[in-house]
Amino acid sequence: SMWYSKTEQNIQRLYRMAREKAPYIIFIDEGEELFSKRQEGHTDTSGTNQLLTEIGGINQSDGVLTIITTNRVDVIDEAARRYGRLGATYKIEIPNENGRKEITKIHLGRFGREEILEELDLDRFVKETEGLTGADIAGVISKTFLERYKDIRLKGQKQYKLRTENFLKTLENY
């Protein structure tokens with residue numbers, strides 16, 4: 001109908017499918033975009049309202065778990081945070097030095113090419129990443145690989161090596 005938007009239909013369809021295939025987890029990133037505090041003059045909340053209806057429906061044991069992440073919990077509307085909807089909040093801290101080291105190893109391993117890591121002072125790199133999230137560290141590593149690969153391709157070389165300096169240069173510009 002003209003009063004029922006595509007957004008509402010898509011949300012309803014998603015939850016119907018999830019209930020049919022339960023147990024099911026629906027993961028929504030950047031939840032602040034959907035659940036921001038309502039402000040005067042902001043009238044298009046139909047998608048948000050439909051999502052709140054689906055999350056806080058009568059049948060809480062339908063086998064569907066909705067997980068929403070945000071970096072801005074302060075802007076999430078209280079209606080979304082109440083019990084029966086998004087009732088639990090878990091804060092995940094910035095990783096400590098040991099956590100950053102493990103995250104770095106994981107993301108370096110994604111490239112599966114240890115032979116290109118000629119020299120990496122892992123401890124130095126980890127110290128320089130203080131205050132970064134796991135996603136930030138992944139971004140620095142990916143960007144370093146990409147930048148170095150582009151440099152090598154432009155020079156026509158067949159093989160390339162990455163050094164600590166390559167990673168630190170990316171960190172400076174991150």
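So, how was this worked out
- Residues numbered from 1 in each chain as written.
- Predicted model: local features only at pLDDT ≥ 70, side-chain atom pairs only at ≥ 80, totals over all residues.
- Heavy atoms only, no water.
- Helix = DSSP H or I, 4+ residues; strand = E, 2+ residues; numbered from the N terminus.
- Buried < 20%, exposed > 50% of the residue type's maximum accessible area, 1.4 Å probe, protein only.
- Contact = heavy atoms within 4.5 Å.
- Areas by Shrake-Rupley, 256 points an atom, 1.4 Å probe, with all protein chains shown as cover.
- Phe/Tyr/Trp six-rings, centres within 6.5 Å; stacked < 30°, edge-to-face > 60°.
- Salt bridge = Lys/Arg side-chain N within 4 Å of Asp/Glu carboxyl O.
- Expected span 1.5 Å × (residues − 1).
- Arc of directions from axis to C-beta.
- Polar contact = N/O pair within 3.5 Å; in protein donor to acceptor, adjacent residues only side chain to side chain.

A. Structural context of the overall build of the protein chain. In terms of regular secondary structure, the protein chain is built from 8 helices and 4 strands. Reading the helices (α) and strands (β) of the protein chain from amino to carboxyl end gives α-β-α-α-β-α-α-β-α-α-β-α. Relative to its full complement of 174 residues, the protein chain shows a buried share of 30%. Contacts in the protein chain between residues far apart in sequence, at least 24 positions, make up 72% of those at least 6 positions apart. Looking at the protein chain as shown, the accessible area adds up to about 12200 Å², and 50% of this sits on carbon and sulfur atoms.

B. Representation of the packing of aromatic side chains in the model. Within this structure, the stated rule accounts for 2 aromatic pairs. Taking 5.6 Å as the distance between ring centres and 65° as the angle between the ring planes, the aromatic pair formed by Phe125 and Phe167 counts as edge-to-face. Taken as a pair, Phe125 in helix α6 (residues 122–128) and Phe167 in helix α8 (residues 164–172) lie far apart in primary sequence, 42 residues in all. Its relative accessible area of 1% is what places Phe125 among the buried residues. Owing to a relative accessible area of 1%, Phe167 belongs among the buried residues under this scheme. Relative to Phe167, the ring of Phe145 has its centre 6.2 Å away and its plane inclined at 70°; by these criteria the two rings are edge-to-face. Separated by 22 residues along the polypeptide, Phe145 in helix α7 (residues 134–155) and Phe167 in helix α8 bring together distant segments of the chain.

C. Main features of the pattern of salt bridges. A complete count under the given rule lists 5 salt bridges for this structure. Ionic pairing is found between Glu54 and Arg19, a salt bridge with its closest N-O pair at 2.9 Å. Of this pair, Glu54 sits in helix α3 (residues 46–55) while Arg19 is found in helix α1 (residues 6–20), placing the two residues 35 residues apart along the sequence. Residue classification places Arg19 among the partly exposed residues on the basis of a relative accessible area of 30%.

D. Local environment of helix α5 (residues 97–109). With 13 residues, α5 should reach 18 Å at 1.5 Å per residue; the first-to-last C-alpha distance of 18 Å fits that figure. Buried within α5 we find Arg100, Thr104, His107 and Leu108. Projection of α5 onto a plane perpendicular to its axis shows the buried side chains occupying an angular sector of 100°, all on one side. Exposed residues on α5 whose side chains face more than 90 degrees from its buried face are Asn98 and Ile106. The backbone nitrogen of Asn98 lies 3.2 Å from a side-chain oxygen of the residue at the head of α5, namely Asn96.

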